[in-house]
Amino acid sequence: NAGVTQTPKFQVLKTGQSMTLQCAQDMNHEYMSWYRQDPGMGLRLIHYSVGAGITDQGEVPNGYNVSRSTTEDFPLRLLSAAPSQTSVYFCASSYSILAADTQYFGPGTRLTVL
Amino acid sequence: SQQGEEDPQALSIQEGENATMNCSYKTSINNLQWYRQNSGRGLVHLILIRSNEREKHSGRLRVTLDTSKKSSSLLITASRAADTASYFCAAPSSSNTGKLIFGQGTTLQVKP
């Protein structure tokens, strides 16, 4: 199993540009989520999904959209990038929505918005 | 708002010493997890402790949980240079949606 994969690893955008961060998992996990990690802030939940076709907002959803058309994929879209979205983005998945489940993280995407 | 808050924010020790990191959380939980992050990498799950457990071991790791104080600690014994990483506690959010809320993390440096 490849686990959780993310692309790209690095990205530089100009303010106002849009892009999609890709996330895929091959473990047949129901639960997937996106976090952003900023210095001194830990990880903050952006959006999450409990299954195909079902998504919901986390702590910091503004400026981001998600969809979950398949169990495997959970892309994160930035519609109009802003410098405040400069961060490292992590996708994670777990077998179920149970809080006791281990979350498996991707390697991250480092995004810079100029 | 963050569920877990960690202390200290940074810790520097010599190889062979023990490292202790603490985590406090706000609401009642049924479990708490600890994760490790090497520089530039994603987080890796270390250990989960349930609310009915007071202590749990995994190799050189020992985790305690005090639900009355809403706190947990992670002890790494006989540390190695390879233990240099950031360590995060994570607790379920108050809503039963499977969301984990992460602390800010403790950055551990183990000097050879």
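Residues numbered from 1 in each chain as written. Chains lettered and ligands numbered in written order. Predicted model: local features only at pLDDT ≥ 70, side-chain atom pairs only at ≥ 80, totals over all residues. Heavy atoms only, no water.

Some points on the side chain of Gln-6 of chain A
Residues and elements named next belong to chain A. Its location among the elements puts Gln-6 in strand S1 (residues 4-7). Here the side chain of Gln-6 touches Tyr-89 through a polar contact of 3.0 Å, landing on its backbone oxygen. Within the structure, Gln-6 has its side chain in polar contact with the backbone nitrogen of Cys-91 (distance 3.0 Å). Sequence-distant contacts of Gln-6, that is, excluding residues within four places in its chain, are made with Gln-22, Trp-34, Tyr-89, Phe-90, Cys-91, Gly-106, Pro-107, Gly-108 and Thr-109. (Helix = DSSP H or I, 4+ residues; strand = E, 2+ residues; numbered from the N terminus. Polar contact = N/O pair within 3.5 Å; in protein donor to acceptor, adjacent residues only side chain to side chain. Contact = heavy atoms within 4.5 Å.)

Some details on the interface of chain B and chain A
Often the size quoted for an interface is simply the accessible area lost on bringing the parts together. The interface of chain B with chain A comprises 24 residues on the first partner and 22 residues on the second. Taken together, the two surfaces of chain B and chain A that pack against each other cover about 1,800 Å², and 53% of this comes from carbon and sulfur. Linking chain B to chain A there are zero salt bridges. Here chain B and chain A share three residue pairs in polar contact (both at pLDDT 80 or more) between them. Where the side of chain B that touches chain A is concerned, the elements lending two or more residues are strand S4 (31-37), strand S5 (43-50), strand S9 (85-92) and strand S10 (100-102) of chain B. The residue makeup of the side of chain B that touches chain A, split by class, is eight nonpolar, 13 polar and three charged. (Buried area = accessible area lost by both parts, 1.4 Å probe. Salt bridge = Lys/Arg side-chain N within 4 Å of Asp/Glu carboxyl O. Nonpolar A, V, L, I, M, F, W, Y, C, P; charged D, E, K, R; others polar.)

Things to note about the state of the cysteines
Within this structure, the stated rule accounts for two disulfides over all chains. Here Cys-23 of chain A pairs with Cys-91 of chain A through a disulfide, and the sulfurs are 1.8 Å apart. Because the sign of the S-S torsion sets the handedness, a value of about -70° for the bond joining Cys-23 of chain A and Cys-91 of chain A places this disulfide among the left-handed ones. Separated by 68 residues along the polypeptide, Cys-23 of chain A in strand S3 (residues 19-25) and Cys-91 of chain A in strand S9 (residues 87-94) bring together distant segments of the chain. Both residues of the pair, Cys-23 of chain A and Cys-91 of chain A, belong to the buried class. In this model Cys-23 of chain B forms its disulfide with Cys-89 of chain B; the gap between the sulfur atoms is 2.0 Å. Here the S-S torsion is close to 70°, and the disulfide linking Cys-23 of chain B with Cys-89 of chain B is therefore right-handed. A residue pair is termed long-range when its members are at least 10 positions apart, and Cys-23 of chain B in strand S3 (residues 19-25) and Cys-89 of chain B in strand S9 qualify at 66 residues. We classify Cys-23 of chain B as buried; its relative accessible area is 2%. (Disulfide = S-S within 2.5 Å. Buried < 20%, exposed > 50% of the residue type's maximum accessible area, 1.4 Å probe, protein only.)

Some words on the environment of Asn-38 of chain B
All names here are of chain B. Within the secondary structure, Asn-38 is located in the loop between S4 and S5. Judged by relative accessible area, Asn-38 falls into the partly exposed class, the value being 29%. Separated by 48 residues in the primary sequence, Asn-38 and Ser-86 place their C-alpha atoms 6.4 Å from one another. Setting aside anything within four residues of it in sequence, one finds Asn-38 in contact with Ala-82, Thr-84 and Ala-85.

Considering unusual backbone geometry
Excluding glycine, residues mostly carry a negative phi; peptide bonds, for their part, are mostly trans. Cis rather than trans, the peptide bond between Thr-7 of chain A and Pro-8 of chain A has omega equal to -5°. In this fold, Pro-8 of chain A is placed in the loop between S1 and strand S2 (10-13). Put simply, Asp-7 of chain B and Pro-8 of chain B share a cis peptide bond, and its omega is 0°.

What about the side chain of Thr-71 of chain A?
Along the polypeptide, Thr-71 of chain A turns up in the loop between strand S7 (64-66) and strand S8 (76-78). With residues up to four places along the chain from it excluded, the contact list for Thr-71 of chain A reads Gln-25, Asn-28, His-29, Met-32 and Ala-52 of chain A.

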